[in-house]
Every structure is written in structure tokens, then in C-alpha cells.
Amino acid sequence: MPLFNPRILEACIRDVTTRLSDHQKASVLLHALEQLWQTKSSREVVENSVQALLKIKGLSCADLSKALVLRAKTRLLAGYRTSAQQDLHSVLTRDPDNEDVKAIIDSQHLRPEMRLLGPPRFSIEIWMQIALFLPKRDLKSLLLVPHPISRIASQLLFREIDLHLTPLHEPTGTDLDTSFDDVSDVDQDLDNWHHQRSADILTRILLDPEFAGQIRSLSIHAASHDLSQSLAFQVGMLLNSLPKLSKLKKLRCSGSKDLILRAVRCIHKCIPKIQELSLDYMTTSCRLADPSVDIEIPRFKHLTHFSLTSEGGDPTSAHLFISQSRNTLRALSIQNSCWHFLTGALSIRQLSDLEFGGHLTTEMFSEILSNGHQLDSLKLSGSLECSPSPLFRQHRSALPFLRHLHIRIAFLSRDVQDCDLCPSISEFVRHRTQLRTYHLLLPCGLDNRRIGFDASAWGVLPALSQLKSLAMTVPVDLAMGLAGWLVPRNVTALVLHMDGAAVDAQIRAGIPTSLKYIGFTNMRIRSAEFVVEHGFPHVHVVAIGHNVWSVWPYRRVRYHQKEWLDLMDCGDAVWRGVSG
């Protein structure tokens, strides 16, 4: 009787498949899997087979889609819906019109939006982390996208709210010293729009707890005198809205003494854990400053950033408040031309950012250079009343972490005679290659000789290789053709100050091509077009005087200058100190 091998069929199949290519083997395997997927016991076989098919190089799109569909069916049969949807989404990515996938979506009642070909379905938390890295201009664009990220963009945009409660005067090129309280030259339509916008936001805060809970930063702008008689109603709405801002971390308020006092007291009562507080008592010119500017600020135990801008007044309350907050403060800004430095009222050792505008004295320089070990940014401006050059020489290696330095001397006291001041400052910064910002603005004319300012002050600039922002007074003995070559090559923002001088076309040859922002103070300028054509063809923004030359509305330039300059690749022109 002849012998018969009961497994002869399997042997024949094996002999046949060994003679096939990998792609032909894949077709045979797929045909076989179509007969097996309906049994639960075959899930392991299907998973292994599809995984092997996915590793075949050059597998056709049709076979790849068929393999993923088979695995998705097997996973759905076993109850693994999430992994099955991933396979179906992969098929739709390659073949958006795949009829098998559409039939499965309908029969299994899967999410209809799977039919829409789009980006991977990340969780809300992942989209939030992605959106946190986007600038505001991109977040505003995302508001128009039919996707969950548009809601995230809305939440991030409304984390920062600014309210304009009174009309704003827009100065022309000849009235830069005009009071901002003057309503004779305001855009009535624009101000009506801002009034309505502020009222809408305050109403939304009152009625929508979810919206109020997402606000982290609030800026309030108002003139010091209510000439339009519309402020009282809006202040009432504001004070009713502040208690709703349960997660507020930063408050900035500029306006009259009464407005600031009421707002700060309300915040202290309702949100005592606020971390950043910025108060501007002088929104107008110095002529209209409040003579009784001294305000008793309640203590905030968690305050880390504090900024105060005022003119005149008694500093006693401010000193007391800062002394009470010395253990928590990490950033401090005091701007008052009539005040002296708060020596003894604060702990310099704990500060990372310090800004002071007022009387510059020996005690101030000694305190900062001796104890400012953690300072990352330092901004000093005002009238010089001492000879600090020995201190700069003595503490040459002080402030080891300093990256941003701004020194602006408005004028010199009569008895100041420090011919070594500028050379000592140059030696102080010479070896600080980590500096990103260096501003040295000094009085022009004969006062330069009293503080030793000449062309040698520019000689230190090439050593500051990492510099991004530079503002310098131009000495009379420095040739403009040489000045351009002394500017470090990485500088993107440059401000020049020179007594009555005009722009010299010779500076054009040495200017770095990376320059995006150019500013001029106290110089004769015909027009912004003249500046670009005759010396700075690569810049995006031109500043003439103390205001940025722009086609943007003045209100936006004044209150949103940082965002605008970032948009124009000129972010290095912004001083990022205590107020960020």
C-alpha cells in the first residue's frame, strides 16, 4: 500500500512560496489572513503577520492599507478600539477615500471626524504645551481654525487683558511734550471703540467665571484727570470685576492716585497672592503730576516683582512697603527723578532685576556693586551726584551674572568731576562677553570732558561678541565711518545719541547686516525714508526721538510695542527688565 504524507499540502504550499518574491509572499499572506480575522483565536496570528508585512520594504500602498484594515478589524473584534482607530487613521492618511475604512467607521459607530484627514489627534494638554511656544500673532491666526486648538489659543490670548478707560491724545511730531490728558486731539471713534471693548470685557468677567478664571495678567490704563467724565462708571465696573479674577498673577495700573489706591486695595482684599505689581502714578507730563503722590500700599506677602513710576512726592510709604517685601522681591523698578536710592530698605542680594531712576549717589553704586551678586539686568538713570569711578575699578569683577546693563546720565551736578568714569565703565564691561544689552547714554557737549567720555568708550564694543542691543552716545571725536565698524556683528538693535548731529552716510559701510532696528535721539533727521536710504537699508524699524516711527496706530505702539517689535524681528530693542 503506498504511503501518503497527511501534511503534503502544507509542504507543497511551502515549496511554492519559497520561489516567490517578498511582495508576492505578502499577497498570498494577505489572502490567507482575509479568511482568518473573523475568529478571536486568530488575533495573535494576524498581529504577527501584519507586523511582518509592515517591515517589507517597498510594499505597495494597496497591500499596506489592506494589512492595516485587517488588523483594525481584528482589534475591534477583540475590543481594542483605540488601537484600531489608529490603524484606520493611518489608512486614511494614505488613502482618504478608502471605502473599507468608511464602512468600518459607520458600522462600528466610530468618531465621524476620523474621515477628515488632518494632523495627529493629540490630547488637549499636548496642544496646550505646543501653543505656549507660539507668539501672539500666530495665536490670533489660530482663532480662525476649526480645531480644538482655536479654543486653546483663545484661552492663551485672554490670559493677558488690557483695559483703556479714558481717551488718549496722540502726539504729532511737533508736540511730543503735550499732556496725554489733552482730549482735544483724540480719535473719537477709536476711543469709543476702546470704551465699548473695555465694557464688554468687564461684563464678560462678571458673567463668565470660566473666562475670569483664565486671566493671569491685567493692565489698566487711564489718564490722571477724568476730562471725559466717563471714568467713574468704568471704574465701578472694574472694582466689581476684580474679585472674579481668582487666578490673577500680574497687575499693572496707570492713572490717578484715587484709581490706583482703590484698585490696589481691592486686589489686596480679594487676591492677596498676586506676584507682580506695577503702578504708574504719572501717566501725564511732569507738569500735571499729582503732588500728593505718596500712597500707602498694603503688603502682599507673595510679591516677587514690583514697579513704581511717579514724579515727586514723599518716598516714605514706598520705602516701608519695599522693606516689608524685601524677603520675597526678586525684581524691582523705581522711577522717580526726585528720589534717592532705597539703601537699606531692600535686599540687593536677592534681586535678579533692578531698575532705578533718580539721584545717582555713591551709596547707591557701592550697595549695588558690593551686594548685587545675582543681578541679571541693571538699569540706572538720572542725575549723577558723585564720582563712582573708584567703585567700578574696585569691583571690576562684581555682578558675575550680569547680561543686561543700561546706564543713562541725564545731567551732572555742578561739583561732579570724574574724568575716569567712562574708562572705568569700559574696563568694567570689557571681559563680560555674556552681555546681551549694553546702553551708555551720556550728556552731550562740554560735560563729556568732566566724565572722561571720548572715542575710547567705543573701543570696548568689539570685545562684546554676544551683544544684541546697543545704545551709545556718539562722541565728537569719533568718525562716523569708524563707528559702524566698531558695532559688534551680532547686534540687531542700535540706538545712537549725538548732540544735534545729522546722519552721516559714511556709517553705512560698517553697519552689521544683522541690524533690524535703528533709533536716533537728539539728532537732526529729515525723515525715516532718509535714514533707510542713506545709512541703514536692512532695518525693519526706525525710531526718531523717544517714539518709534511706525505706520501702526499710536495707541498700539505705546502699549504693545514689545509685541510689535517681536513681529518685526526687533525684539532685542526692548528692555526686558522688571516689567518683562
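Considering the overall build of the protein
Broken down by element type, the protein carries 22 helices and 15 strands. Of all 580 residues assigned to the protein, the portion counted as buried reaches 48%. For the protein, long-range pairs separated by at least 24 residues make up 65% of all intrachain contacts whose partners lie at least 6 apart in sequence.

As for the nonpolar core
Among the nonpolar cores identified, the biggest contains 112 residues, and Leu218, Leu279, Ile297, Phe306, Leu384, Tyr438 and Trp458 are the most heavily contacted of them. Tallying contributions element by element places helix α13 (residues 257-270) first for this core, with 7 residues. The residues touching Tyr438, leaving out its near neighbours within four places in the chain, are Leu405, Ile425, Val429, Leu461, Leu464, Leu467, Ser469, Leu470, Ala471 and Met472. Among the nonpolar cores identified, the runner-up in size contains 11 residues, and Leu88, Leu92, Val101 and Ile105 belong to it.

Observations concerning the packing of helix α2 (residues 22-33) against helix α4 (residues 61-78)
Helix packing geometry: the angle between the two helix axes and the distance between the axes. With their axes 11 Å apart at the nearest point, α2 and α4 run at an angle of 30 degrees to one another. On the basis of the axis angle, α2 is roughly parallel to α4. In the packing of α2 onto α4, the handedness of the crossing is left-handed. Contact with α2, carried on its side by Ser27, Leu30 and Leu33, involves Asp63, Lys66, Ala67 and Leu70 of α4 and no other residues of that element.

A closer look at the environment of Ile451
With respect to the helices and strands, Ile451 occurs in the loop between α18 (447-450) and β11 (469-473). The contacts of Ile451, once residues within four sequence positions are left out, are Leu384, Leu412, Asp418, Cys419, Leu421, Cys422, Pro423, Leu442 and Pro443.

Let's talk about the packing of aromatic side chains
The full count for this structure, using the stated rule, is 5 aromatic pairs. Among the aromatic residues, those joined into a cluster by ring pairs are Phe365, Phe392 and Phe428. Here the basic side chain of Arg432 rests over the ring of Phe428, its NZ or CZ set 4.0 Å away from the ring centre.

Concerning the environment of Gly58
With respect to the helices and strands, the residue Gly58 is situated in the loop between α3 (43-54) and α4. Residue classification places Gly58 among the exposed residues on the basis of a relative accessible area of 59%. Considering only alpha carbons, one finds Gly58 and Asp22, 36 residues apart in sequence, at a separation of 9.7 Å.

As for helix α10 (residues 188-207)
Here α10 contains 20 residues, and its C-alpha end-to-end distance of 28 Å stays within 8% of the 28 Å for a straight helix at 1.5 Å per residue. Listed in full, the buried residues belonging to α10 are Asp191, His194, His195, Ser198, Ala199, Ile201, Leu202 and Ile205. The buried residues of α10 occupy an angular sector of 160 degrees when the element is viewed end-on, so they sit on one face. Structural note: α10 exposes Asp189, Trp193 and Leu207 on the side pointing more than 90 degrees away from its buried face.

A look at the side chain of Arg450
Residue position: Arg450 is located in helix α18. Among the residues examined, Arg450 registers a relative accessible area of 17% and is labelled buried. Within the structure, the side chain of Arg450 is placed 3.4 Å from the backbone oxygen of Arg414, a separation counted as a polar contact. Once you skip the residues sitting within four places of it in the chain, Arg450 turns out to touch Leu412, Ser413, Arg414, Asp415, Val416, Gln417, Asp418 and Cys419.

Observations regarding the pairing of strand β9 (residues 404-412)
Here strand β8 (residues 377-384) pairs with β9 via 8 bridges, running parallel. When the bridges of β9 are listed, Leu384 appears paired with Leu412. For the handedness criterion, the β-α-β arrangement of β8, helix α16 (residues 389-394) and β9 is classed as right-handed. Examined bridge by bridge, β9 and strand β10 (residues 437-441) share 5 bridges and lie parallel to one another. What sits directly across from His404, in β10, is Thr437.

Examining the pairing of strand β12 (residues 493-497)
Where burial is concerned, most of β12 is hidden: 5 out of the 5 residues are buried. Since β11 and β12 lie parallel, the crossover through helix α19 (residues 480-486) that links them has a hand, and here it is right-handed. Where β12 and strand β13 (residues 517-521) come together, 5 bridges link them in parallel fashion. For His497, the partnering residue across the bridge sits in β13 and is Thr521.

Considerations on the pattern of salt bridges
In this structure the tally under the stated criterion is 13 salt bridges. For Asp208, the salt bridge is made with Arg204, and the minimal N-O distance between the two is 3.0 Å.

Considerations on the side chain of Gln214
Inspection of the secondary structure assignment puts Gln214 in the loop between α11 (209-213) and β2 (217-221). In this structure, Gln214 is in contact with Ser154, Gln155, Phe158 and Arg159, ignoring residues within four places of it in sequence.

Comments concerning helix α14 (residues 316-324)
For α14, every residue scored as buried is listed here: Ser317, Ala318, Phe321 and Ile322. Taken down its axis, α14 places every buried residue within 130 degrees of arc, on the same side. On the buried face of α14, the contacting elements are β5 (305-309) and β6 (331-340).

Details of a nonpolar patch on the surface
Together, Ile8, Leu9 and Ile13 line one region of the surface with nonpolar side chains, adding up to about 290 Å² of accessible area. Looking at the secondary structure, you find Ile13 in helix α1 (residues 8-17). Using a relative accessible area of 48% as the deciding quantity, one classes Ile13 as partly exposed.

Brief notes about the confidence of the model for the protein
Model confidence for the protein is summarised by a mean pLDDT of 81, while 81% of its residues fall at 70 or above. Note on residues 172-185: pLDDT under 50 across the span, and 30 contacts to partners over four residues away in sequence or across chains. Of the regions scoring below 50 in pLDDT, residues 283-291 engages in 25 contacts with residues more than four places distant in sequence or in other chains.

Quick word on the environment of Ala471
Within the element layout of this structure, Ala471 appears in strand β11. When its relative accessible area of 4% is taken as the criterion, Ala471 is described as buried. For the pair formed by Ala471 and Val495, sequence separation is 24 residues and the distance between their alpha carbons is 4.4 Å. When residues no more than four places from it in sequence are discounted, the contact partners of Ala471 are Tyr438, His439, Leu440, Leu441 and Val495.

Some details on the packing of α3 against α4
At their nearest, the axes of α3 and α4 sit 10 Å apart, and the two run at 155 degrees to each other. Here α3 is positioned roughly antiparallel relative to α4, judged by the angle of their axes. Where α3 crosses over α4, the two elements pack in a sense that is left-handed. Here Arg43, Val46, Glu47, Val50, Gln51, Leu53 and Leu54 of α3 lie close against α4, whose contacting residues are Leu64, Ala67, Leu68, Leu70, Arg71, Thr74, Arg75 and Ala78. Of the residues in the contact of α3 with α4, the class split is 9 nonpolar, 2 polar and 4 charged.

Here is what the cut-offs are and how they apply
Residues numbered from 1 in each chain as written. Predicted model: local features only at pLDDT ≥ 70, side-chain atom pairs only at ≥ 80, totals over all residues. Heavy atoms only, no water. Helix = DSSP H or I, 4+ residues; strand = E, 2+ residues; numbered from the N terminus. Buried < 20%, exposed > 50% of the residue type's maximum accessible area, 1.4 Å probe, protein only. Contact = heavy atoms within 4.5 Å. Core = buried A, V, L, I, M, F, W, Y, C linked by side-chain atoms within 4.5 Å. Axes fitted to C-alpha atoms, helices over the stretch in contact; angles between N-to-C directions. Parallel < 35°, antiparallel > 145°, perpendicular 65-115°, else oblique. Left-handed = near helix turned anticlockwise from the far one by under 90°. Phe/Tyr/Trp six-rings, centres within 6.5 Å; stacked < 30°, edge-to-face > 60°. Lys NZ or Arg CZ within 6 Å of the ring centre and 35° of its normal. Expected span 1.5 Å × (residues − 1). Arc of directions from axis to C-beta. Polar contact = N/O pair within 3.5 Å; in protein donor to acceptor, adjacent residues only side chain to side chain. Pairing = 2+ DSSP bridges. Right-handed = clockwise from strand over helix to strand, strands pointing away. Salt bridge = Lys/Arg side-chain N within 4 Å of Asp/Glu carboxyl O. Patch = residues over 30% accessible without salt bridge, like charges linked within 9 Å, V, L, I, M, F, W, Y side chains within 5 Å. Areas by Shrake-Rupley, 256 points an atom, 1.4 Å probe, with all protein chains shown as cover. pLDDT = per-residue confidence, 0-100. Nonpolar A, V, L, I, M, F, W, Y, C, P; charged D, E, K, R; others polar.

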